[in-house]
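Inside the fold
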Amino acid sequence: MCRALNILHQKGLPIKTTFIGADTPLNNKETMKAKLKKILSKETRMKVTFIGHVPRDEMPQKYTEFDIFVTASRFESLGFVILEAMRAGLPVIGSDICEIPRLIGQTGSNALFAAGNPNDLAKKIMKFLKYPNLIRRIGIYNRKRIIHTHQEGGPLLKMLKTYRKIQKSNTS
């Protein structure tokens, strides 16, 4: 993700990025945030915000602040965060691993990129920047798709609610 952002900034594209998530330690020497900052160019770092952990119940509101959701994950088991972003009406760009292709689909509405390939990710982001109306159109499509296929009371949302309860009880 960071290398893709460097590419976009080298091209002079006006993009601001927010990383959400706990600043987890990678080893005894550095945290995830420190590692990412090392990869980002000085110019790119000025356009990137790290906001840390956001409680689950605040995420629906947080999604409204963004235009696109990107997951550059190299492993994704259930993809709840992807479903939440789609439900919030965001287009999703995701790596072509595990469950991500199945979750976001390959209809051309969302975008898959080759995992670990910053040039491919930058290209997918540029597609949305080039066609801003695509962001709105795909966001509406995603929201309708998630509401239709994962309606309240549906198995996936029941599983998500159970997961959130377990997660909340583990953090209490």
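Anything mentioned here points back to the structure above.
The following refers to the structure shown. (Residues numbered from 1 in each chain as written. Predicted model: local features only at pLDDT ≥ 70, side-chain atom pairs only at ≥ 80, totals over all residues. Heavy atoms only, no water.)

All right, on to the sheet that holds strand β5 (residues 111-113) then. Read from one edge to the other, the open sheet built from three strands follows the order β3-β4-β5, with strand pairing classed as parallel. The sheet terminates laterally at β3 (69-71) and β5, the two strands that pair on one side only. Each strand of the sheet is rotated relative to its neighbour by a mean of 15°, with strand direction disregarded. With three bridges joining them, β3 and strand β4 (residues 92-95) adopt parallel strand pairing. When the sheet's bridge partners are listed, Val70 is paired in β4 with Ile93. On top of the sheet, helix α5 (residues 80-87) reaches β3 and β4; it is set at about 165° to β3, its chief contact. Packing of helix α7 (residues 118-130) onto the sheet brings it into contact with β3, β4 and β5, and relative to β5 it is tilted by some 160°. (Pairing = 2+ DSSP bridges. Helix = DSSP H or I, 4+ residues; strand = E, 2+ residues; numbered from the N terminus. Axes fitted to C-alpha atoms, helices over the stretch in contact; angles between N-to-C directions. Contact = heavy atoms within 4.5 Å.)

As a further point, take the nonpolar core. What tends to happen in soluble globular proteins is that the nonpolar side chains get buried as a cluster. Formed by 21 residues in total, the largest nonpolar core has its most connected members in Leu5, Phe19, Ile93 and Phe128. Contributions of two or more residues to this core are made by α1 (2-10), β2 (48-52), β5, α7 and α8 (132-149). In terms of residues, this core owes the most to one element, α1, which gives five residues. In this structure Leu5 touches Ile15, Thr17, Phe19, Leu40, Thr44 and Val48, once residues within four positions along its chain are discounted. One finds Val54, Ala85, Met86 and Ile100 within the second-largest nonpolar core, a separate group that totals 17 residues. (Core = buried A, V, L, I, M, F, W, Y, C linked by side-chain atoms within 4.5 Å. Buried < 20%, exposed > 50% of the residue type's maximum accessible area, 1.4 Å probe, protein only.)

This next bit is on a positive patch on the surface. A surface patch of positive charge is lined by Lys33, Lys37, Lys42 and Arg45. Taken together, the elements giving at least two residues each to the positive patch come down to α2 (32-39) and α3 (42-45). Take Lys33: it is sitting in helix α2. By relative accessible area, Lys33 is classed as partly exposed at 31%. (Patch = residues over 30% accessible without salt bridge, like charges linked within 9 Å, V, L, I, M, F, W, Y side chains within 5 Å. Areas by Shrake-Rupley, 256 points an atom, 1.4 Å probe, with all protein chains shown as cover. Salt bridge = Lys/Arg side-chain N within 4 Å of Asp/Glu carboxyl O. Lys, Arg positive; Asp, Glu negative; His and termini not counted. Charge placed at Lys NZ, Arg CZ, Asp CG, Glu CD.)

Residues of β4 alternate between two faces, with Val92 and Gly94 on one and Ile93 and Ser95 on the opposite face, all of them buried. Note: β4 against β5, three bridges, orientation parallel. Directly across from Ile93, in β5, lies its bridge partner Ala111.

Looking now at the pattern of salt bridges. Close approach of charged atoms allows side chains with opposite charge to pair. Under the definition given, this model contains four salt bridges. Residues Lys124 and Asp120 are paired through a salt bridge, measuring 3.3 Å at the closest nitrogen-oxygen approach. Of this pair, Lys124 and Asp120 both sit in helix α7, four residues apart, which is roughly one turn of the helix. Across the pair, exposure class does not vary: Lys124 and Asp120 are buried alike.

Okay, the environment of Arg136 next. Structurally, Arg136 is set in helix α8. As for Arg136 and Pro91, which are separated by 45 residues in sequence, their C-alpha atoms are 8.0 Å apart.

A few words now on the environment of Ile15. The residue Ile15 is located in the loop between α1 and β1 (17-20) in this model. Since its relative accessible area comes to 10%, Ile15 is described here as buried. It is 9.1 Å that separates the C-alpha atoms of Ile15 and Thr44, two residues lying 29 residues apart in sequence. Ile15 has contacts with Leu5, Leu8, His9, Lys47 and Ile125, leaving out every residue within four places of it along the chain.

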